[in-house]
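# Fold and geometry: a report
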Amino acid sequence: TGTKTAGVINAGTVSVPDNWSLNYFYSHKNGTLSGWTQTNLTITSAGKLTHYINDSTDTYGLNLTLYSLTVDSGGEIDVSEVGYASQQGTGKGKVITGGYGDGGGYGGEGGRNDTDMTRSNPYGDYSNPTELGSGGAYSGGGGKALLTITGTATINGSLLANGQSANSGGSGGSINLSAATITGGGTITANGGSGGTIYSGGGGGGRIRLASTANTF
């Protein structure tokens, strides 16, 4: 147990119970997770699920298949700022002389520096997003949460894949949620990070896909 900032980084083997209530910080670092497909996962108001931070390669992400998912109010699946590192990724931002720079691109173009006429390009599949967000000149991109739910996904908390805000913004990452039913009144965002100053560009937005037979979200 722990808090939203202290808990478990899994690089080993975890056997997941059929009914798991997550009330602490849990970061997935490509460890082995057994039993996920039959799990009813509830992320409580004290819980946060994320993945380990990437650098220059697409190494870590959340790619989970569950029976049901409930994110309580205050609970989080938050892969913000754990995508590609600064100046990394397909849509990486460029450093400009003077400590400024371009924002990272992914779902949209990254914002440009006021003296540079180029923009960081979007990339990936808008209809089935699976990519990490790219870093800006001085900031990390959003990560990726790829969630397949056999039954119902109830989102009253937050699903976040935002880019980092710094002196140039990282792009948003990917949220790809597929379920038989999606319901709830929470928040789902994959925003680009702020550029921080008028001389640096903000990050482009990420990509979000919600696929379901019934949707009352």
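Our subject in this report is the structure included herewith. (Residues numbered from 1 in each chain as written. Predicted model: local features only at pLDDT ≥ 70, side-chain atom pairs only at ≥ 80, totals over all residues. Heavy atoms only, no water.)

### Observations concerning the pairing of strand β6 (residues 40-43)
Two faces, one strand: in a regular strand the side chains alternate between the faces of the sheet. What you see with β6 is a clean split: L41 and I43 sit on the buried side and N40 and T42 on the side with no burial. Both strand β3 (residues 19-22) and β6 contribute to a ladder of four bridges, which runs parallel. The residue of β6 that forms the bridge with W20 is L41. One ladder, built from four bridges, connects β6 with strand β9 (residues 68-71); its direction is parallel. Each residue of the ladder has a partner; that of T42, found in β9, is T70. (Buried < 20%, exposed > 50% of the residue type's maximum accessible area, 1.4 Å probe, protein only. Helix = DSSP H or I, 4+ residues; strand = E, 2+ residues; numbered from the N terminus. Pairing = 2+ DSSP bridges.)

### So, the sheet that holds strand β4 (residues 25-28)
As summarised here, the arrangement of the six strands in space is β1-β4-β7-β10-β14-β16, forming an open sheet in which the pairing is parallel. In this open sheet, the two strands that pair with only one neighbour each are β1 (7-10) and β16 (187-189). Within the sheet, the average angular offset between the axes of one strand and its neighbour, ignoring direction, is 10°. (Axes fitted to C-alpha atoms, helices over the stretch in contact; angles between N-to-C directions.)

### Thoughts on the pattern of salt bridges
If the charged atoms of two oppositely charged side chains come close together, the side chains can form a pair. Taken as a whole, this structure holds two salt bridges when the rule is applied. Between K4 and E76 there is a salt bridge whose closest N-O contact spans 3.2 Å. One end of the pair, K4, is in the segment before β1; the other, E76, is in strand β10 (residues 76-78), with 72 residues separating them in the sequence. Note on E76: relative accessible area 17%, which makes it buried. (Salt bridge = Lys/Arg side-chain N within 4 Å of Asp/Glu carboxyl O.)

### What to know about the environment of G173
Looking at where G173 falls in the secondary structure, it is placed in the loop between β14 (158-160) and β15 (174-183). What makes G173 buried here is its relative accessible area of 0%. Residues G173 and G135, spaced 38 residues apart in sequence, show a C-alpha to C-alpha distance of 10 Å.

### So, the packing of aromatic side chains
This structure, assessed with the given rule, holds three aromatic pairs. Here the aromatic rings of W20 and Y26 are separated by 5.5 Å at their centres, their planes lie at 85°, and the arrangement is edge-to-face. Assessed through its relative accessible area of 10%, W20 is described here as buried. Residue classification places Y26 among the buried residues on the basis of a relative accessible area of 2%. Ring centres of Y106 and Y123 lie 4.7 Å apart, and the angle between their planes is 40°; on these two criteria the pair is classed as tilted. Residue Y106 is located in the loop between β12 (100-101) and β13 (144-155), and its partner Y123 is located in the loop between β12 and β13; the two are separated by 17 residues in the primary sequence. Assessed through its relative accessible area of 0%, Y106 is described here as buried. The ring of Y106 has R207 sitting right over it, with the charged end atom 5.2 Å from the ring centre. (Phe/Tyr/Trp six-rings, centres within 6.5 Å; stacked < 30°, edge-to-face > 60°. Lys NZ or Arg CZ within 6 Å of the ring centre and 35° of its normal.)

### What to know about the side chain of T44
Here T44 shows up in the loop between β6 and β7 (48-51). With a relative accessible area of 16%, T44 lands in the buried category. When sequence neighbours within four positions are dropped, the list of residues in contact with T44 reads S21, L22, N23, D72, G74 and G75. (Contact = heavy atoms within 4.5 Å.)

### Side note on the side chain of T50
Along the chain, T50 turns up in strand β7. For T50, a relative accessible area of 4% translates into the label buried. The residues touching T50, leaving out its near neighbours within four places in the chain, are F25, Y26, S27, H28, L62, D78, V79 and V82.

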